[in-house]
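Reading the structure
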Amino acid sequence: MATKEFKRAARIILVGAPGVGKGTQAERLMKRFPQLSAVSSGDLLRNAVRNKTPLGQEAESHMQSGSLVPDDMILRLILSELKSKSWIPPSTSLTDAGPALPSSSPTASFILDGFPRTSPQASKLDSLIPINLVVSLITPVNIILGRIANRWVHAPSGRVYNTGFNKPRVEGRDDVTGEALTKREDDGEETWKARLKKFEETSEPLLEHYERQGVLWRVEGNSSDEISPKLFGEFESRFC
């Protein structure tokens, strides 16, 4: 696959129902556009806890008590990451009156994963850094359910197989280690429907928030292979 160069910074959020293929699209976008990086709020949080940073210790105390990590704490993690890469000024703080003036360099391009999930979180992120494209990935529910029913994983490595289009060489076994494949705990139909209901409740106001800002773009398809070329074309027209 030929790679493409950005001419300006892309600050991206991908939104879609569980199982729609956000991870697949993010990986493909980063291969196609090498200046694009992933910033995962979940990874930042896990790393901070593992490294016992002051923020990580604070977050861990919330997690151990069974409460959610506050939005401001997640924003501070994101802020620290963006500063460390020199993508926003080092003096930027959550108490600033307006968003930071981000770097316009194409190398300051990222896909933000895991945050925001709600409209209030998006408003808080707006005060930190302006997002310039939000992609709503849409695949029919029956297609996603079929995809999930056929999905098997190698838990230690995270490798994912699908008996419909990405079969393991030996049924029920990981291609690399030969170890047994398993189902994800959250891949049951009822579990997925509960997650979908929660997603729909929070995503509608989130998408409306970004539509008002003029940065929302919707793309629909029955498979990742159908969606990816449309995504590439939109990114090229906006950023290349």
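Residues numbered from 1 in each chain as written. Predicted model: local features only at pLDDT ≥ 70, side-chain atom pairs only at ≥ 80, totals over all residues. Heavy atoms only, no water.

The next subject is the packing of aromatic side chains. Scanning all chains against the criterion turns up six aromatic pairs. Judged by centre distance (4.9 Å) and plane angle (20°), the rings of Phe6 and Phe33 are stacked. Taken together, the residues Phe6 in the segment before β1 (11-16) and Phe33 in the loop between α1 (22-32) and β2 (36-40) connect sequence positions 27 residues apart. A ring pair is formed by Phe6 and Phe239, whose centres lie 5.6 Å apart and whose planes are at 55°; its orientation type is tilted. Of this pair, Phe6 sits in the segment before β1 while Phe239 sits in helix α8 (residues 224-239); the two residues are 233 residues apart in sequence, bridging distant segments of the chain. Using a relative accessible area of 4% as the deciding quantity, one classes Phe6 as buried. By relative accessible area, Phe239 is classed as buried at 1%. Through a chain of ring-to-ring contacts, three or more aromatic side chains come together here, namely Phe6, Phe33, Phe232, Phe235 and Phe239. Looking at Lys183, its charged tip hangs above the ring of Trp152, at a distance of 5.0 Å from the centre. (Phe/Tyr/Trp six-rings, centres within 6.5 Å; stacked < 30°, edge-to-face > 60°. Helix = DSSP H or I, 4+ residues; strand = E, 2+ residues; numbered from the N terminus. Buried < 20%, exposed > 50% of the residue type's maximum accessible area, 1.4 Å probe, protein only. Lys NZ or Arg CZ within 6 Å of the ring centre and 35° of its normal.)

Take the UniProt feature "binding site: AMP" (unreviewed entry) in the protein next. Following the UniProt record, the feature "binding site: AMP" (unreviewed entry) maps to Ser41, Arg46, Ser67, Leu68, Val69, Gly114, Phe115, Pro116, Arg117, Gln121, Arg184 and Arg195 here. Spanning 155 residues, the named residues do not form one spatial group; their C-alpha atoms are separated by as much as 28.0 Å. Counting through the fold element by element, Arg46 comes out in helix α2 (residues 41-50). (UniProt positions renumbered as here; feature names shortened; annotations may be inferred.)

Under the definition given, this model contains 14 salt bridges. Residue Asp225 pairs with Arg28 through a salt bridge whose shortest N-O separation is 2.9 Å. Note that Asp225 is positioned in helix α8 and Arg28 in helix α1, a separation of 197 residues in sequence. Classification of Asp225 as exposed rests on a relative accessible area of 55%. (Salt bridge = Lys/Arg side-chain N within 4 Å of Asp/Glu carboxyl O.)

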